[in-house]
Amino acid sequence: MRAISFDRDLVRFSIGFLIIAFLALICCPNPCAAQARPFPGPDVQQIYQRLLPQIQKIPAFDHHAHPGFADDPDVDAMAAPPDASAPLRTRDDNPELIAAAKALFGYPYSDLSPEHSKWLVEKKAELRKQYPGPAYFNMILDKLNTETSVANRAMMADYLDPKRFPWVFFADSFMWPFNNRNETGRNTDQGVFIPLQEKMLRRWMLQENVSKLPANFSDYLKFISQVLENNKSKGGIAQKFEVAYFRPTTFGDPSHAEAEGIYRRYISGGMPPEKEYRTFQDYIFRYLIQEGGRLHLPVHIHTAVGIGDYFNLSQSNVMNLESVLRDPRYVSTTFVLIHGGYPLEREAIWLAAMKNVYLDSSFGELAQYPSAFKETLKMWLETFPDKVTFGTDCFPYNQVLGAEESYWLGVQSSRTALAAALSEMVSENEITEARALELAHGYLHDNAVKLYEGRVH
Ligand SMILES: [Zn+2]
């Protein structure tokens, strides 16, 4: 009897223990939950070593890039002005680009002397024969473990596979339909940029078989919508603005009648005074973003420093866009703040409080070294982790170092900085390793893909 009762007690005790353990697990899913601490512990390097290989295995969605060959003028709708200052890490003598050539092509040298560079040019030419047409850049994406890369280009190229490289087209040129002599003459940067906008507008006209812009403003708006619709049917997934290069990003809110009056006055000649031109552009910009909502074409906006010594950082401050982004009239438009407002990324992340506003980190990972970029990612992931997306802003440097090396540097910098940011967050008791990997999947792929409603993977 005594033995039986002992057994019964043991059973009761065991069941009780199991229930308590089960409840503890439900109430507290993170068994090591503790208050966050201000410094990483000695385990941070080990966590990094565990996370990095897993992060390297996540197929990425590159949300902003300019793939193409150096001799292809459609890689962007604009071009760098001559003699523009470039920050240290973005120069084509960055020795990390040699590491990129080694990793991608087995480059056997440690410098880029003219005779060594020739090896790289020949190697790429050979690979282009081996991987003809779209196969070449697909092979580059495979090497980077990038599943899909946005191609933000003036026009698409036949050597890019549209399934791997969805097109993001440029929408700025509709804001410059008048005589642009004053605009072009403002400084040498605008002397390069504005004629390229005029060229882009002429290409849209050609695409729609329009030989002359309509005299009637409503017809001009119809023409704009037609271009957006056709670009979407040609595979365009979003419209891109680099308006910060050409004018301040504070947008007024003029009436249709005001914009119509200006259009009627200047469409067939004469030069609009700057104030009137800006008012007209304010209306067109708002029209385009509204159409972005109607047509499910997310709006990408360049928000960062820019190329060219005359680029005005205070007039293009990402916070200038706040009144537009927080305007309830545009809640059905999805906005992607390309380059995340850099170097004002700390302010920019708070704009992502709006459900329809996302940040892209491209260029930040090329302009900064991973040690600094890690801080950007950490701060973003600690604020709105499901609103931040990965991008490289890759661009062909010159005839030797191409978009390939730029892609590599962007991808490797982002993956290592991400692993470092997450390792610190784990070590500082902010998140578990399992959660860290969820955040990594979101940033590198899932957050961006969900914006396009099944049109990209
Ligand atoms: Zn770009």
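Quick notes on the rules
- In this convention, every chain numbers its residues from 1, walking through the sequence in written order.
- Owing to the predicted nature of the model, reporting of local features is limited to residues with pLDDT of at least 70; listing and counting of side-chain atom pairs is limited to 80 or more, with chain, interface and lining totals taken over all residues.
- Hydrogens and waters are ignored; side-chain quantities use all the structure's heavy atoms.
- Stacked, tilted and edge-to-face are the three classes applied to pairs of Phe, Tyr and Trp rings, where Trp contributes its six-membered ring and a pair requires centres within 6.5 Å; stacked means planes under 30 degrees apart, edge-to-face means over 60, and tilted covers the rest.
- Working definition: helices are DSSP H or I runs of at least four residues, strands are E runs of at least two. Numbering for both runs from the N terminus.
- Three labels apply to residues, based on accessible area from a 1.4 Å probe with only protein chains included: buried if under 20% of the type maximum, exposed if over 50%, partly exposed otherwise in between.
- Both a distance and an angle decide whether a charge sits over a ring: NZ of Lys or CZ of Arg must be within 6 Å of the ring centre and within 35 degrees of the ring normal.
- We call an atom a donor if it is N, O or S and sits within 2.8 Å of the metal, or 3.2 Å for Na, K and Ca. Water is not counted, so some sites may look partial.
- In protein, a polar contact means a hydrogen-donor-capable atom and an acceptor-capable atom, both N or O and within 3.5 Å, with residues adjacent in sequence counting only if both atoms are side-chain atoms; elsewhere, any N or O pair within 3.5 Å suffices.
- Working convention: axes come from line fits to C-alpha atoms, limited for helices to the stretch in contact. Angles between N-to-C directions cover 0 to 180 degrees.
- Orientation categories follow fixed angle ranges, with anything under 35 degrees roughly parallel, anything over 145 roughly antiparallel, 65 to 115 roughly perpendicular, and all other angles oblique.
- By definition, any crossing whose near helix is turned counterclockwise from its far helix by less than a right angle is left-handed, and any crossing with a clockwise turn is right-handed.
- Two residues form a contact once any of their heavy atoms are found within 4.5 Å.
- Residues are grouped as follows: Ala, Val, Leu, Ile, Met, Phe, Trp, Tyr, Cys and Pro are nonpolar; Asp, Glu, Lys and Arg are charged; all remaining types, including Gly, are polar.

Chemist: How do you make sense of the packing of aromatic side chains when you look at a structure like this?
Modeler: We describe a pair of aromatic rings using the distance from one ring centre to the other and the angle between the two ring planes. Summed over all chains, the structure comprises 34 aromatic pairs. Residues Phe69 and Tyr159 carry aromatic rings whose centres are separated by 4.7 Å and whose planes lie at 40° to one another, so their mutual orientation is tilted. Here Phe69 is found in the loop between strand 1 (60–62) and helix 3 (96–105), whereas its partner Tyr159 is found in the loop between strand 3 (151–152) and strand 4 (167–170), with 90 residues between them in sequence. By relative accessible area, which is 15% here, Tyr159 ends up buried. Members of the aromatic cluster, joined through ring pairs, are Phe174, Phe178, Phe217, Tyr220, Phe223, Tyr263, Tyr266, Tyr277, Phe280 and Tyr283. Over the face of the ring belonging to Phe69 we find Arg128, whose NZ or CZ atom lies 3.6 Å from the ring centre.

Chemist: Would you explain the coordination of the zinc ion in this entry?
Modeler: Six octahedral donors around a metal ideally make angles of 90 or 180 degrees; four tetrahedral donors ideally make 109.5 degrees. Listed as protein donors to the zinc ion are His64 (NE2), His66 (NE2) and Asp393 (OD); their distances from the metal cover 2.1 to 2.2 Å. All donors to the zinc ion come from one chain, and their sequence spacing reads H-x1-H-x326-D. Classification of His66 by relative accessible area gives buried; the value is 3%.

Chemist: For this particular structure, what's the right way to read the environment of Arg50?
Modeler: With respect to the element layout, Arg50 can be found in helix 2 (residues 44–56). By relative accessible area, which is 42% here, Arg50 ends up partly exposed. Taking C-alpha positions, Arg50 is 23 Å from Ala100, a pair spaced 50 residues apart along the chain. A polar side-chain atom of Arg50 sits 2.6 Å from a polar atom in the side chain of Glu433.

Chemist: How should the packing of helix 8 (residues 217–233) against helix 10 (residues 274–294) be read in this particular structure?
Modeler: For any two helices packed against each other, one specifies the inter-axial angle together with the distance between the axes. For the pair helix 8 and helix 10, interaxial distance at closest approach is 11 Å and the crossing angle is 45°. Looking at the two axes, helix 8 sits oblique to helix 10. The two elements helix 8 and helix 10 cross, and the hand of that crossing is right-handed. Residues Phe217, Tyr220, Leu221, Ile224, Ser225, Leu228 and Glu229 of helix 8 lie in contact with helix 10, whose contacting residues are Phe280, Tyr283, Ile284, Tyr287, Leu288, Glu291 and Arg294. Class assignment of the residues belonging to the contact of helix 8 with helix 10 gives a composition of 10 nonpolar, 1 polar and 3 charged.

No statement about biological role is implied by the geometric values presented.
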